[in-house]
Amino acid sequence: MAKTKVLERKPLTFSEKTYIPQIASGLAATFVNMFKKSVTLEYPEVRPVIPENYRGVPTLVKDPKGRVKCVSCQLCEFVCPPKAIRIKPSEIVDEESDRAHIEKEPAAFDINMLRCIYCGLCQEVCPEEAIFLQDSFSLSGYTREEMVFGKEKLLKLGGTLPDNHFKWDKKKSAEENTEKDH
Amino acid sequence: MNFLDYIIPIFYALGMVSVFMTLCAYSVLAERKVCSLIQRRVGPNRAKIPIVGHIPILGKILTRLGIFHPAADGLKFLFKEEITPQHVRIGYYYLAPIVALAPALTTMVVLPFGRYIDVNGMVQPIALANIDVGILFILAVSSLGVYGIVLAGWASNSKYPFLGAIRSTAQMISYELAMGLSILPVFLWAASPGSDYGLSLFGVVQAQQGLWLIIWQPISALIFLVAIFAETNRLPFDMAESETDLVGGFHTEYGAFKFGMFFVAEYAHIIMGSALFVLLFLGGWHFLPGVADPWPDGLFGILCSTSWFLLKIFFMIFFFIWMRWSMPRFRYDHVMHLGWKILLPLAVANFVFYIFLIAFIDNLTY
């Protein structure tokens, strides 16, 4: 058994019994504090600094060329623990030249923010780096329908993130090169 | 006596009430602001009224200082839903806030807050009623304020207000004694043989033309200050309210305007306590210890003396607030211990000591 060390409690001195020196030092401490800078962050005007790896609202991002990165593989939909994500895949509708080699895009991409638990598994599982939990942390709405974020809203929230790969450009040029070779 | 003699005092009284209520409202603001400064926050800074609040720079400064918040607070109390719990005793329940506020406002009648030189060249106090037993009147009436708390606690018919009321009563009884004994030496000192001031507050102020009484009688001042803190139910003695163990104390069952009245009464008591302390121990409207009355005659002198007195009151209000945010609350039995076993004997000893001292000094001079 651990040995208990009994500390001797000294009896109060006379000045301590009068409380007055203690009260005076307390008053001095609070008085000094009055002239220090306030630590308040005045919230709606001043926003807190959000760390890089913060898990805020899930959003869809575009690449620097303005293309939607999601290819509606539905991995996020399957991994989502509270089943907040619903995706309706479709073929690429308009055959733009720069999107020709992408196979699919989401026709509808809904995240029910009333179900979302901000776990970030969708971001982790996404092979295209198309869904990110970014720095937006305060969302509100008047109705339940309003809290189901559609594709447009998610893209608007997500904005554009830098892309290191340009996977589909590489695929396109690779295909064109092979076509040339043949 | 003509008609005007009846009308003018009414206007004086109305003026005094409005100044006093404004002071109450702004001491609430001061409480919130000083608290926020001590805790290194910003404090109330959002309320804004349409025209004044939108003046380019001044409006912003006033808004940041929270100048418009008392108006917002008052309106909130006025327009909230009046809820009367079903289990209360209706008559007494409504009576309690009135009983709490009325004595606090009544005491200001005898409060001298400045001085003027009358036609004979005599110094006279400015007060609604300059009576000879001013301090007796204040002590008698301000102690009635506790009946508001007791009534509130009893009429609420619920255990926490009841406990708060009981504590408040016990505290009132124990500290009233020490307070009374602590100011006896003051009046012994002020009313020297041959003076005709008696128990008037003006006499005490006039007796402090030399050094203030806080220097002559520091122990009396200390006991009086502690007792005033206890009487006004301020931290570290806010037994009646102690929100951590009694929810809200005596006003737990009160809401809206009735709560507002309790609130104003508390601050009115603080202002009265500060004024009393300034009059008795800090030399009233006298400039500095040793520099009695440098103010000129006439209207300017009246303004100077009154504002200097107000300034001292502001300092005391600040001191009350400053104390509140520095001290933790005493435990209930510690409060009783302090009141009965320390302050009361100390006050008696102090009284006896000054009886002998004053008798000795009088024998020397006569």
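Anything mentioned here points back to the structure above.
Chemist: Tell me what's going on with the overall build of chain B, and back it up with residues and numbers.
Modeler: Helix and strand content of chain B: 15 helices and two strands. Relative to its length of 366 residues, chain B is compact, with a C-alpha radius of gyration of 22 Å against a globular reference of 21 Å. For chain B, the spread of C-alpha atoms along the principal axes amounts to about 65 × 55 × 50 Å. Every one of the 366 residues in chain B was classed for burial, and the buried ones make up 50%. Across chain B, the fraction of contacts at a sequence separation of at least 24, relative to all contacts at a separation of at least 6, is 77%. Charge-centre separation for chain B: the mean point of 21 positive side chains lies 16 Å from the mean point of 20 negative side chains.

Chemist: Report on the overall build of chain A, specifying residues and quantitative values.
Modeler: Secondary structure assignment for chain A yields six helices and five strands. Each helix and strand of chain A, ordered N terminal to C terminal, gives the series α-α-β-α-β-β-α-β-β-α-α. Taken against the 2.2 N^0.38 rule, which gives 16 Å for 182 residues, the C-alpha radius of gyration of chain A at 29 Å runs more than 25% over that of a compact globule. If one aligns the C-alpha atoms of chain A with their principal axes, the spans along those axes are about 100 × 50 × 30 Å. Within chain A, the fraction of its 182 residues that count as buried is 29%. The contacts of chain A with a sequence gap of at least 6 include a subset with a gap of at least 24, amounting to 72%. Where the 28 positive side-chain charges of chain A centre and where its 28 negative ones centre are 12 Å apart.

Chemist: Before we move on, could you go through helix H15 (residues 332–365) of chain B and cite the residues and values that matter?
Modeler: All names here are of chain B. Given a rise of 1.5 Å per residue, 34 residues ought to cover 50 Å, and the 47 Å separating the end C-alpha atoms of H15 matches this to within 8%. Roughly 35 degrees is the biggest bend found in H15, and it falls at Leu 343, with proline Pro 345 one to four residues downstream. Those residues of H15 not exposed but buried are Val 335, Met 336, Leu 338, Gly 339, Leu 343, Leu 344, Ala 347, Asn 350, Phe 351, Tyr 354 and Ile 358.

Chemist: Tell me about the interface of chain B and chain A, and please be specific about residues and values.
Modeler: Listed as interface residues are 19 residues of chain B and, on the opposing side, 17 residues of chain A. For the pair chain B and chain A, the summed buried surface comes to about 1600 Å²; carbon and sulfur atoms form 66% of the total. Taken as a group, B:Arg40, B:Arg46 and B:Trp322 account for 37% of the area that chain B buries against chain A, more than any other trio of residues on that side. The tally of links between chain B and chain A comes to three salt bridges. Across the salt bridge formed by B:Arg46 and A:Glu45, the nearest N and O atoms sit 3.2 Å from each other. Of all the secondary-structure elements, those providing two or more residues to the side of chain B that touches chain A are helix H1 (3–38) and helix H14 (298–324) of chain B. Looking at the side of chain B that touches chain A, the element that brings in the most residues is H14(B), giving four residues. Among the residues forming the side of chain B that touches chain A, the class breakdown is 13 nonpolar, two polar and four charged.

Chemist: I'd love a proper account of the pairing of strand S3 (residues 104–112) of chain A, names of residues and values included.
Modeler: Residues and elements named next belong to chain A. Here seven bridges tie strand S2 (residues 85–91) to S3, and the two strands are oriented antiparallel to one another. Bridge pairing in S3 links Pro 89 to Pro 106. Direction of pairing for S3 relative to strand S5 (residues 148–149): antiparallel, over a ladder of two bridges. Looking at S5, one finds that Asn 112 is bridged to Val 148.

Chemist: Can you break down empty space enclosed by the protein residue by residue, with the values?
Modeler: All names here are of chain B. For the structure on display, the rule yields four cavities of 30 Å³ or more. The calculated volume of the largest cavity comes to roughly 300 Å³. Taken together, 21 residues form the lining of the largest cavity, with Glu 231, Thr 232, Asn 233, Ala 265 and His 269 sitting closest to its centre. Those elements giving two or more residues to the lining of the largest cavity turn out to be helix H6 (134–142), helix H7 (145–155), helix H8 (159–190), helix H11 (218–231) and helix H13 (256–281).

Chemist: Which residues make up helix H4 (residues 69–79) of chain B, and what values go with them?
Modeler: All names here are of chain B. Among all positions of H4, only His 69, Pro 70 and Phe 77 are buried. When H4 is viewed along its axis, its buried side chains cluster within an angular range of 100 degrees and face the same direction. Residues of H4 that are buried sit in contact with H1 and H13.

Chemist: Quick one: what's the story with the side chain of B:Ser220, residue by residue and with numbers?
Modeler: Counting through the fold element by element, B:Ser220 comes out in helix H11. Every residue in contact with B:Ser220, bar those within four places of it in the chain, is listed here: B:Ser182, B:Pro185, B:Phe281, B:Asn350 and B:Tyr354.

Chemist: Now, about the packing of H8(B) against H11(B): what can you tell me, with residues and values included?
Modeler: All names here are of chain B. Packing of H8 against H11 leaves a shortest axis separation of 8 Å and a crossing angle of 150 degrees. With respect to their mutual orientation, H8 and H11 come out roughly antiparallel. In the crossing of H8 with H11, the sense of the turn from one axis to the other is left-handed. Mapping the contact onto sequence places Gln 171, Met 172, Tyr 175, Glu 176, Ala 178, Met 179, Ser 182, Ile 183 and Pro 185 in H8 and Ser 220, Ile 223, Phe 224, Val 226, Ala 227, Ile 228, Ala 230 and Glu 231 in H11. For the contact of H8 with H11, the residue count by class is twelve nonpolar, three polar and two charged.

Criteria and thresholds
Residues numbered from 1 in each chain as written. Chains lettered and ligands numbered in written order. Predicted model: local features only at pLDDT ≥ 70, side-chain atom pairs only at ≥ 80, totals over all residues. Heavy atoms only, no water. Helix = DSSP H or I, 4+ residues; strand = E, 2+ residues; numbered from the N terminus. Rg over C-alpha atoms; globule rule 2.2 N^0.38 Å. Buried < 20%, exposed > 50% of the residue type's maximum accessible area, 1.4 Å probe, protein only. Contact = heavy atoms within 4.5 Å. Lys, Arg positive; Asp, Glu negative; His and termini not counted. Charge placed at Lys NZ, Arg CZ, Asp CG, Glu CD. Expected span 1.5 Å × (residues − 1). Bend = angle between axes of the 7 residues up to and from the residue. Buried area = accessible area lost by both parts, 1.4 Å probe. Salt bridge = Lys/Arg side-chain N within 4 Å of Asp/Glu carboxyl O. Nonpolar A, V, L, I, M, F, W, Y, C, P; charged D, E, K, R; others polar. Pairing = 2+ DSSP bridges. 1 Å grid on protein atoms, 1.4 Å probe; cavity = no way out; pocket = protein on both sides within 12 Å on 5 of 7 lines; lining within 4 Å. Points joined across faces, edges and corners; volume = space filled by probe spheres on them. Arc of directions from axis to C-beta. Axes fitted to C-alpha atoms, helices over the stretch in contact; angles between N-to-C directions. Parallel < 35°, antiparallel > 145°, perpendicular 65-115°, else oblique. Left-handed = near helix turned anticlockwise from the far one by under 90°.

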